[in-house]
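Coordinate inspection notes
Listed below are the residues making up each chain.
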Amino acid sequence: MLFNSHAFLFGFLPVVLLAYFAAARRGREYGNLVLALASLFFYAWWDMRYLPLLLASIAGNYACSLQIRAAGGAARQRWLVAALAGNLALLGWYKYAGFFAASVAQATGWQLPALHIVLPIGISFFTFTQIAFLVDTARGHVSESRFLHYLLFVTYFPHLVAGPVLHHGEMMPQFANERNRWPHFDNFAVGATIFFIGLAKKVLVADNLAPHANVLFAEPQGVSLLVAWGGVLAYAFQLYFDFSGYSDMAIGLSRLFGVRLPLNFASPYKAASIMEFWRRWHMTLSRFLRDYLYIPLGGNRKGAARRSANLMATMLLGGLWHGAGWNYVIWGGLHGLYLVIAQAWRGFAQRMGWRGGLPGRLAGWALTFAAVCVAWVFFRAPDLATAMPILAGMAGLHGVELPATLGAHLGWLKGALDAIGIGWYQGGTARFVETWCWVAAAGAIAFAMPNTQQIMHRFAPALDALDADGARLAWRPARRHAVLAGALALAGVLSLNRPTDFLYFQF
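The following paragraphs examine the structure supplied in this document. As the structure is a computational prediction, the values presented were derived from the model and not from experiment.

1. Some remarks on the packing of helix α2 (residues 28-46) against helix α6 (residues 147-155)
- One way to put it is that α2 packs onto α6 with a least axis distance of 9 Å and a crossing angle of 40°. Taken together, α2 and α6 sit at an angle that is classed as oblique. Along this stretch, α2 crosses α6, giving a crossing that reads as left-handed. Residues Glu 29, Asn 32, Leu 33, Leu 35, Ala 36, Ser 39 and Leu 40 of α2 pack against Leu 148, His 149, Leu 151, Leu 152 and Thr 155 of α6.
- Residues that form the contact of α2 with α6 fall into these classes: 7 nonpolar, 4 polar and 1 charged.

Below, the structure written as structure tokens:
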């Protein structure tokens, strides 16, 4: 079930809210039971056949966690290794078996049967969530043993299919909080406002950028520089507003029940370094990879060479987590390489005593954004045969061209453009102009506007909301802000005639 659908907004959500608060009046656990059952219904709405798989994963991991807690020494480690192996085997079969078989067949020429395995939605998220729980149980950081709380922790519908990746320590106390048994005006006002900001990002911005990116990736051959960059920037901003919109909607929905989710998105395109980018993009996944992969590998504790190897390994696996394909491996490898280079540059600059100042930060921002956009080409393209022509176009190997119809309206400027080698092509004027208008509008919002957390900072919208004192457009429960939020809600709901999947659903 999509957050941006009539069935969710006018059916599922109001029924669950009424049922939850009616049940919670009798006791906190009754409310939790309603939320857990509603979350299972939410998951089954996509495909009933995969509900047993989700329940089996939860039951198996819960049983393993009890065994791990009860065991000690080597036995505890054996239980942990067995549980992790089970999770990775499940993820490997559904997500990577087809990719592995196709790669082996391609490399060896063997005629292996094609594996048509449907990827259960959200399997990466609920598997990672449970792996973190098992590891923390083995480390002695888990004290929660109530199955209902564990079931709700894993299935909680605002995060189930596309994150954020939750940590038990930040969620279990909230599920036990007696204050959440009753509806609160501030939770509804804050939650609904955040939700409708996210809905507007998705249906008013991201969905309108999608066609301009799709055209480029469907016909990538021979594209010139401005056409290539227009399509890639359209995708970069589509993904930004799609994922940011989903993250806002998840945080807003959860707040209606009085539960705060962790922050997952904080204006990553404003980052002035690739390290800062990963502290702002998909923050809970970055936290998971840092705490459960990079640091156990040794982190930065064993010298620069080992740190670089750990960064590459972490980002390669992070890339593979997003999908089974060589393009995701390349995308992860590129980000690993970016991080290695950035770490080396930072060390060099510190030794030279160079601080950079504002010019250095602007240069860092431009370089980071360009590098991220180059990597997005591999992330979006279905294969290398699609990605490479687009990169060639972005590098200017197919020249610089503008629509001839546009040139006819430029007067003297056309002659100047001719003199510097700008070419002209027939047709596609409307597409070219619309693409760059949408890119400019999306860029203005992403670069110049405060993000949702900054707008809502007076009301602690997320668990780890950043300090944003003095942020522009700061929301308050006043008539003017209510009218603005209402206008966003109306525009968003009126645009629900063709609900589209969120891009992160495929991961």
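2. Digging into the pattern of salt bridges
- Taken as a whole, this structure holds 11 salt bridges when the rule is applied.
- The partner of Arg 139 in a salt bridge is Asp 136, with the nearest N and O atoms 3.8 Å apart.
- The partly exposed category is assigned to Arg 139, whose relative accessible area is 41%.
- The exposure class assigned to Asp 136 is buried, which follows from its relative accessible area of 3%.
- One salt bridge in this structure joins Asp 291 and Arg 290, with 2.7 Å as the shortest N-O distance.
- Of the residues examined, Arg 290 reaches a relative accessible area of 42% and is grouped as partly exposed.

3. A word on unusual backbone geometry
- Of note in the backbone geometry, Ser 267 takes a positive phi value of approximately 50° without being a glycine.
- In this structure Ser 267 comes out as buried when scored by relative accessible area, which is 3%.
- One non-glycine residue with positive phi stands out, namely His 282, at about 45°.
- Structurally, His 282 is set in the loop between α10 (274-280) and α11 (283-294).

4. Here we look at the layout of surface pockets
- In this model, the largest pocket occupies a volume close to 800 Å³.
- Forming the walls of the largest pocket are 25 residues, and the residues nearest its centre are Ala 272, Ser 273, Ala 342, Trp 345 and Gly 364.
- Here the lining of the largest pocket takes 9 residues from helix α14 (residues 357-380), the largest share from any one element.
- The residue inventory of the lining of the largest pocket, partitioned by class, reads 13 nonpolar, 7 polar and 5 charged.

5. Looking at the environment of Phe 288
- Examined against the element boundaries, Phe 288 turns out to sit in helix α11.
- On a C-alpha basis, the gap between Phe 288 and Phe 432 in space is 40 Å, while along the polypeptide they are 144 residues apart.
- Phe 288 has contacts with Phe 128, Ile 131, Ala 132, Val 165 and Leu 293, leaving out every residue within four places of it along the chain.

6. A short note on the state of the cysteines
- Enumeration over the complete set of coordinates arrives at 0 disulfides.
- A disulfide-free cysteine, Cys 373 has its sulfur positioned 18 Å from the sulfur of Cys 437, the nearest such atom.
- Given a relative accessible area of 0%, Cys 373 falls into the buried group.
- On the basis of relative accessible area, Cys 437 is assigned to the partly exposed category, the value being 48%.

Conventions we followed
- Residues numbered from 1 in each chain as written.
- Predicted model: local features only at pLDDT ≥ 70, side-chain atom pairs only at ≥ 80, totals over all residues.
- Heavy atoms only, no water.
- Axes fitted to C-alpha atoms, helices over the stretch in contact; angles between N-to-C directions.
- Helix = DSSP H or I, 4+ residues; strand = E, 2+ residues; numbered from the N terminus.
- Parallel < 35°, antiparallel > 145°, perpendicular 65-115°, else oblique.
- Left-handed = near helix turned anticlockwise from the far one by under 90°.
- Contact = heavy atoms within 4.5 Å.
- Nonpolar A, V, L, I, M, F, W, Y, C, P; charged D, E, K, R; others polar.
- Salt bridge = Lys/Arg side-chain N within 4 Å of Asp/Glu carboxyl O.
- Buried < 20%, exposed > 50% of the residue type's maximum accessible area, 1.4 Å probe, protein only.
- 1 Å grid on protein atoms, 1.4 Å probe; cavity = no way out; pocket = protein on both sides within 12 Å on 5 of 7 lines; lining within 4 Å.
- Points joined across faces, edges and corners; volume = space filled by probe spheres on them.
- Disulfide = S-S within 2.5 Å.

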